[in-house]
Amino acid sequence: MLGPNRYGKAETRLVRVHRDGESHGLVDFNVSIALSGDLTATHLTGDNSGVLPTDTMKNTVYAFAKEHGVGEPESFALLLARHFVHTQPQVHGAKVSVESFAWDRLGPHSFRRRGDHVRTTVVTVTADATQVVSGVSGLVLLNSTDSEFHGFVEDGYTTLKPATDRILATAVDARWRHAGDDTDWAASFEGSLAALVSAFVGTYSYSLQQTLYAMGAGLLEARPEVAEVRLALPNKHHYLADLSPFDLENPGEVFIAGDRPYGLIEGSVVRDDAPAATAEWWL
Ligand SMILES: O=c1[nH]c(=O)c2[nH]c(=O)[nH]c2[nH]1
């Protein structure tokens, strides 16, 4: 028997220049589309009469960018997802994911790509439900103090020493599910990002787990339109360098930046009256 399936065009790279007057606008997206529905025939017999080519999906991205312009990633993803569900009777669900790369303005038509985090969105549309998830990935944060880790379980294999002052660093991968599908997406994203960062900065931490909860709760407090936040926080370990062979003291000043393995702390923070999710959306 054929199990769950979907298909689409992954990673359509779109750059849209808005030439409205002297000063150009620039939008830089990576768009992935996945459609599901009545697709049994193509899998079992090769009958493609219900298959909208993935090539067409790519074309639709570029044509819509011209016809409708491109604003917030959530709005563009909603436009595309609704288009496929509403115009293709055999398509019952559309998932559109967008990575948005930020460019800082250098002049009226000059830009510099911002090197750090990527803004993300995943929109899922079916006949009777719409779900919008926004997020950020690759947001690297570091506190050089105000972090301790001790009181943990010690068994026969434990060698970790308790830490009363350590570096806490992570690359935030956060997604948050909106309660509705009509929000000021730009303000919501900027406010959510600011809330995550401010909780990381402002939390005196006894574990990355505690910081994770503070970040999720901080976002929910700041943004009433958000129902649930999921975070994946790699613990970017920094090891105090042993300088004693050289008769040098090292009171939390020289560190070895670890690469792997790394701790991976994951969790969600959800409003107690949050509406149920209508599609899978874990990271
Ligand atoms: O914040 C931390 N949480 C852990 O669960 C953990 N485990 C570990 O070895 N170091 C840390 N740090």
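Residues numbered from 1 in each chain as written. Predicted model: local features only at pLDDT ≥ 70, side-chain atom pairs only at ≥ 80, totals over all residues. Heavy atoms only, no water.

Describing two packed helices takes the angle between their axes plus the distance from one axis to the other. Two numbers describe how helix 2 (residues 54-68) lies on helix 3 (residues 73-87): the axes approach to 11 Å, and their chain directions differ by 125 degrees. As far as their axial angle goes, helix 3 and helix 2 are oblique. Relative to helix 3, helix 2 is oriented so that their crossing is right-handed. Packed against helix 2, whose contacting residues are Met-57, Thr-60, Val-61, Phe-64, Ala-65 and His-68, the element helix 3 presents Phe-76, Leu-79, Leu-80, His-83 and Phe-84 at the interface. Considering only residue class, the contact of helix 2 with helix 3 consists of eight nonpolar, three polar and no charged. (Axes fitted to C-alpha atoms, helices over the stretch in contact; angles between N-to-C directions. Helix = DSSP H or I, 4+ residues; strand = E, 2+ residues; numbered from the N terminus. Parallel < 35°, antiparallel > 145°, perpendicular 65-115°, else oblique. Left-handed = near helix turned anticlockwise from the far one by under 90°. Contact = heavy atoms within 4.5 Å. Nonpolar A, V, L, I, M, F, W, Y, C, P; charged D, E, K, R; others polar.)

Another aspect to go through is the domain arrangement of the chain. Often, the extent of an interface is quoted as the loss of accessible area on bringing the components together. Each assigned domain of the chain is listed with its residue range as follows: domain 1 (1-128) and domain 2 (131-283). Averaged C-alpha coordinates put domain 1 and domain 2 at centres separated by 29 Å. Contact residues are listed per partner, giving 14 residues for domain 1 and 16 residues for domain 2. Taking both partners together, domain 1 and domain 2 bury about 1300 Å²; carbon and sulfur atoms supply 52% of that area. Taken together, domain 1 and domain 2 are joined by one salt bridge. Measuring nitrogen to oxygen at the nearest pair gives 2.9 Å for the salt bridge that ties Asp-181 to Arg-82. Viewed at the interface, domain 2 and domain 1 are joined by seven residue pairs in polar contact (both at pLDDT 80 or more). Elements with a contribution of two residues or more to the side of domain 1 that touches domain 2: helix 3 and strand 6 (118-126). (Domains from an automatic or database assignment. Buried area = accessible area lost by both parts, 1.4 Å probe. Salt bridge = Lys/Arg side-chain N within 4 Å of Asp/Glu carboxyl O. Polar contact = N/O pair within 3.5 Å; in protein donor to acceptor, adjacent residues only side chain to side chain.)

Our focus in this paragraph is the environment of Leu-168. Relative to the assigned elements, Leu-168 resides in strand 8 (residues 168-178). Each C-alpha atom, one on Leu-168 and one on Thr-145, is 7.3 Å from the other, the two residues being 23 residues apart in sequence. With near-sequence residues (within four places) excluded, Leu-168 lies in contact with Leu-141, Leu-142, Asn-143, Ser-147, Phe-200, Ser-205, Leu-208, Thr-211 and Asn-235.

This brings us to the pattern of salt bridges. The full count for this structure, using the stated rule, is 11 salt bridges. With its nearest N and O atoms 3.3 Å apart, the salt bridge here joins Arg-230 to Glu-228. Classification of Arg-230 by relative accessible area gives buried; the value is 18%. Connected via shared salt-bridge partners are Glu-72, Glu-74 and Arg-119. (Buried < 20%, exposed > 50% of the residue type's maximum accessible area, 1.4 Å probe, protein only.)

Turning our eyes to something else, we now look at the sheet that holds strand 3 (residues 91-101). Pairing is antiparallel across the open sheet formed by eight strands, whose spatial order is 1-2-3-6-7-8-9-12. The sheet is open, and its two edges are formed by strand 1 (12-18) and strand 12 (263-270), each paired on a single side. Neighbour-to-neighbour, the strand axes of the sheet open up by a mean angle of 20 degrees, direction not taken into account. Here strand 8 pairs with strand 9 (residues 226-235) via six bridges, running antiparallel. Across the sheet, the residue bridging to Asp-173 is Ala-232, located in strand 9. Lying on the sheet, helix 2 is in contact with strand 1 and strand 2 (25-37); it crosses strand 1 at an angle near 10 degrees. Along the sheet, helix 5 (residues 208-222) makes contact with strand 7 (130-143), strand 8, strand 9 and strand 12, crossing strand 9 at roughly 150 degrees. (Pairing = 2+ DSSP bridges.)

Our next topic: the pairing of strand 6. Within strand 6, eight of the nine residues are buried, leaving the element largely enclosed by the surrounding structure. Here eight bridges tie strand 3 to strand 6, and the two strands are oriented antiparallel to one another. The residue bridging Val-98 from the neighbouring strand is Thr-121, located in strand 6. Across eight bridges, strand 6 lies against strand 7 in antiparallel orientation. Looking at the pairing, Val-125 lines up with Thr-130 of strand 7. What sits between strand 6 and strand 7 in their antiparallel hairpin is a turn of three residues.

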